[in-house]
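Chain and residue survey
Next come the chains, spelled out residue by residue.
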Amino acid sequence: SLGSKELFDAPKSAFAKSKPLLAAAIKARQQADQLEQEEQVNRSVSLGEHLDGMNQPSTISEDDEDSLGSGDLFDAPKSALAKSKPLLAAAIKAREQADEL
């Protein structure tokens, strides 16, 4: 079996002997900082490179430049009541539709 000296680093200072958990935390922080610095060096300059090909159309057609107007998406208001009190108009319309059934 392995001895504790083969699994763990030997304490290097009186500080590590008196407060081993704090010394281990400091050592872990140093290692994490070192890994982060290495990753920053290896990181490419452009941060958005991984998004370049996402959600792009596979083919481009001539109609892609045409956009929809708000009239194409929504019905125009039909009455003065709908303009002044849209919730009341919607309730009246819903009641009429329910009565038709």
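Positions within a chain are numbered from 1, following the residues in the order the chain's sequence is written. In keeping with the model being predicted, local features are shown solely for residues with a pLDDT of at least 70 and side-chain atom pairs are shown and tallied solely at 80 or more, while totals for entire chains, interfaces and linings include all residues. Computation of side-chain values covers all heavy atoms of the structure but excludes hydrogens and water.

1. Description of the overall build of the protein chain
Defined as follows: The numbering of helices and of strands both runs from the N terminus, where a helix is a DSSP run of H or I of at least 4 residues and a strand a run of E of at least 2. To be clear on the numbers: accessible area is Shrake-Rupley with a 1.4 Å probe, and residue cover counts the displayed protein chains and nothing else.
Helix and strand content of the protein chain: 6 helices and 0 strands. Along the chain direction, N to C, the helices and strands of the protein chain fall in the order α-α-α-α-α-α. On the protein chain, roughly 10100 Å² of surface is accessible, and the fraction owed to carbon and sulfur atoms is 55%.

2. Some remarks on a negative patch on the surface
Applied cut-off: Residues form patches when they are more than 30% accessible in relative terms and have no salt bridge. Like charges link within 9 Å. Nonpolar side chains (Val, Leu, Ile, Met, Phe, Trp, Tyr) link within 5 Å. One speaks of a salt bridge when a side-chain nitrogen belonging to Lys or Arg is within 4 Å of a carboxyl oxygen belonging to Asp or Glu. Under the convention used here, Asp and Glu are negative, Lys and Arg are positive, and both His and the chain ends fall outside the count. Note that the charge is assigned to NZ on lysines, CZ on arginines, CG on aspartates and CD on glutamates. The buried label applies to any residue whose accessible area, calculated with a 1.4 Å probe on protein chains only, is under 20% of its type's maximum; exposed applies above 50%, and partly exposed to all values in between.
Taken together, the side chains of D33, E36, E38 and E39 make up a negatively charged region of the molecular surface. With respect to the helices, strands and loops of the structure, D33 is situated in helix α3 (residues 20-42). D33 sits in the partly exposed class, given a relative accessible area of 37%.

3. Quick look at the confidence of the model for the protein chain
Definition in use: Confidence of the predictor at the level of single residues is captured by pLDDT, which takes values from 0 to 100.
Taken over all residues, the pLDDT of the protein chain has a mean of 75, while the share at 70 or more is 60%. By mean pLDDT, the top-scoring element of the protein chain is helix α6 (residues 86-100) (88), and the lowest-scoring one is helix α4 (residues 70-73) (63).

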